[in-house]
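Report on the structure
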Amino acid sequence: MVSLAAGRRAGAGLPSWLRLSWSWRITWLYLALVLFLPLGAMALKAAAVGPVQFWELATTPEAIATYKISFGLSFVAALLNGVFGLVIAWALVRCRFPGRRLLHALIDLPFALPTAVAGLALASIYSTNGWLGAPLKALFGIEVSFTWLGVAIAMVFISLPFVVRSVEPVLEALEIDQEEAAWCLGASPRQTLVKVVLPQLMPAILSGVAQGYSRAVGEYGSVVMISSNVPFKDLITPTLIIQKLEEYDFASATVIGMVMLAFSLVSLVVINGLQVWGRHWEANPTTAA
Amino acid sequence: MRKPLRWLKAHLRWPKPSALIPLIAFAYVAVIILLPALEVVVGALGKGLEPFLQNLHSEELISAVKMTLLMALIAVPANTIFGLAAATAIARRQFPGKALLLSIIDLPFSISPVVVGLMLVLLYSPSNGLFGDVVNSLGWKIIFSWPGMALATIIVTFPFMAREVIPLLEEEGWDQEEAARTLGASNWQVFWKVTLPSVRWAVLYGLILTTARALGEFGAVSVVSGNIAGQTQTLPLFVEDAYKQYQTELAYGAALVLGGVALVSLLLKLLVEQMIGGLKDDQPIN
């Protein structure tokens, strides 16, 4: 069909994707203006810093402390959501209970709710006189808001939907026959879960965890409101970039921004890889292992 | 109201996994999502409707609402045009690098909003930007002004429309467009009368997602806005500013407005999902 269409509109010998129709022109112009130009500007500014100074600015103790908090806490948050996201997806797909539709709608809230609103709500509710913060303080002496724990909670909030949304469709498509077959062959429920179900869900779980991790690392709005933003304590990398900009330290801001951009690109490749792996699984589950 | 209670009683006596799983799921979602959402409502309306409405009359809040709407009014149409152009260009062709191009379009979803703002500052800042001299000589003001903020909003939201429309267009195939062309329709006519109607639900879905994100964007806009109250402050920035200055009630008032918008977008999304689901059930994809 495609070749027929391409042949009709005289291509003058060029491959079809090089003939710039209006839609292609708009696409490239738009991408150049809103994506390539800003990316290029940052790359050029970073290149102007020079490799030695780049390394120094990227690895100052202050920057490394923020990497530990941003990349470390996000990882914990993403893993936590990996476990609970699976439980929620399981409840949504396999269980019938009152309030199921409410649960389904609530999962999307972190996507829909502006991050500043989420930050305000989380900071208040986990503050020492908030609904959850007060009992935590009274019973365990734990303070959440304005500590690294609060940062972790905000990261959990923001990355919760990813695992649920990526596992749900795969779980729906799973044939119950396989589980029944495993049962008939004498497998315990636990064996069935570990040997039959989980391996098939694994690509979706990992892809959801990776997406949530990437999102949590980059998150700013909700974290900045629940964090005390003190360096070496609970300052995240995006906030450090903003602080550097406010101090007119453009070189540091650029370098740390490049570190974050590099992370984004790597995580994009990893997520794409996981999704390809997942599709491969779906296509031929027996050979993929 | 009784039903959940009765259900809970019946199952609590026998904590089978089938009951435990929904309970764990609900508990987790309650602590992480539901309670914070309720906190916004209680915080804003706790003293009654009157003080909440009073807060909405704050001059700075009204100016923040206008600024937020301006962002959406610029970003949503621009991104719709891009999304449709990109979809018609990319969806039905196979070419080398197609997967790469799709990943590039998705890129803003993986870049931190703060880095998006930073890139714009490094491009257009009058003192340090790559185009600083050009911007200065033209007398433009991009950073710390609405054009920069609109650009930031555009970057953060442009993948939504494209990624909703592309898969649907891929699924639909060329047949109807071919038929229309055979009958003598121009490219423009084919687009308006055949292509666009066939993807209308995806476009609507994309519009909802783009608008919701454009109204709520914080990080990217925060970096380029300068956050000048009454001038370059959007509603999400207003929430943070009011909270930082201990005007808690104002912060909650603005947060509830934004939360209401989020809720409406969520409901519209569910509605459209049901429509799409219904359509798919009615007419199997051929």
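A count of helical and extended segments in chain A gives 14 helices and zero strands. The order of α-helices and β-strands along chain A, N terminus first, is α-α-α-α-α-α-α-α-α-α-α-α-α-α. Based on the C-alpha atoms only, the size of chain A along its principal axes is roughly 75 × 65 × 35 Å. Within chain A, the fraction of its 289 residues that count as buried is 45%. When contacts within chain A are restricted to residue pairs at least 6 apart in sequence, those whose partners lie at least 24 apart make up 76%.

Membership of the largest hydrophobic core comes to 163 residues, with the highest contact counts inside it found for I88(A), L118(B), V239(B), A254(B) and A255(B). Discounting chain neighbours no more than four positions away, the residues touching L118(B) are M42(A), I241(A), L245(A), A253(A), G257(A) and V223(B).

To continue, consider the interface of chain A and chain B. Every contact between the two is made by 72 residues of chain A and, on the other side, 72 residues of chain B. Ranked by residues supplied to the side of chain A that touches chain B, first place goes to helix 2 (residues 22-49) of chain A with 15 residues. Split by residue class, the side of chain A that touches chain B holds 55 nonpolar, 15 polar and two charged.

Moving on, we come to the environment of F52(B). All names here are of chain B. Locating F52 in the fold gives a position in helix 3 (residues 49-56). Accessibility expressed as a C-beta count within 10 Å gives 18 for F52, which makes it partly exposed. In the structure, F52 is positioned 111 residues away from R163 in sequence and 38 Å away in space, judged by C-alpha atoms.

The subject of this paragraph is the packing of helix 13 (residues 237-246) of chain A against helix 6 (residues 113-124) of chain B. For the pair helix 13 of chain A and helix 6 of chain B, the least separation of the axes is 9 Å and the interaxial angle reads 25°. Judged by the angle between their axes, helix 13 of chain A and helix 6 of chain B are roughly parallel. Regarding helix 13 of chain A and helix 6 of chain B, the two cross each other, and that crossing is left-handed. Residues P238(A), I241(A), I242(A) and L245(A) of helix 13 of chain A lie in contact with helix 6 of chain B, whose contacting residues are V114(B), L118(B) and V121(B). In terms of residue class, the contact of helix 13 of chain A with helix 6 of chain B is made up of seven nonpolar, no polar and no charged.

All names here are of chain A. Axis separation between helix 7 (residues 115-125) and helix 9 (residues 148-173) bottoms out at 10 Å; the angle between their running directions is 135°. The angle between helix 7 and helix 9 places the two elements in the oblique class. The handedness of the crossing between helix 7 and helix 9 is right-handed. On helix 9, the residues that touch A118, G119, L122 and A123 of helix 7 are G150, I153, A154 and F157. Of the residues that constitute the contact of helix 7 with helix 9, the class distribution is six nonpolar, two polar and no charged.

Considering every residue of chain A, the mean pLDDT works out to 88; 91% of them sit at 70 or more. Residue range residues 1-11 of chain A is modelled with pLDDT below 50. Its contacts to residues more than four positions away, or to other chains, number 11 contacts.

The rules behind each value
- Residues numbered from 1 in each chain as written.
- Chains lettered and ligands numbered in written order.
- Predicted model: local features only at pLDDT ≥ 70, side-chain atom pairs only at ≥ 80, totals over all residues.
- Helix = DSSP H or I, 4+ residues; strand = E, 2+ residues; numbered from the N terminus.
- Buried ≥ 20, exposed ≤ 12 C-beta atoms within 10 Å, placed from the backbone.
- Contact = placed C-beta atoms within 7 Å.
- Core = buried A, V, L, I, M, F, W, Y, C linked by C-beta atoms within 7 Å.
- Nonpolar A, V, L, I, M, F, W, Y, C, P; charged D, E, K, R; others polar.
- Axes fitted to C-alpha atoms, helices over the stretch in contact; angles between N-to-C directions.
- Parallel < 35°, antiparallel > 145°, perpendicular 65-115°, else oblique.
- Left-handed = near helix turned anticlockwise from the far one by under 90°.
- pLDDT = per-residue confidence, 0-100.

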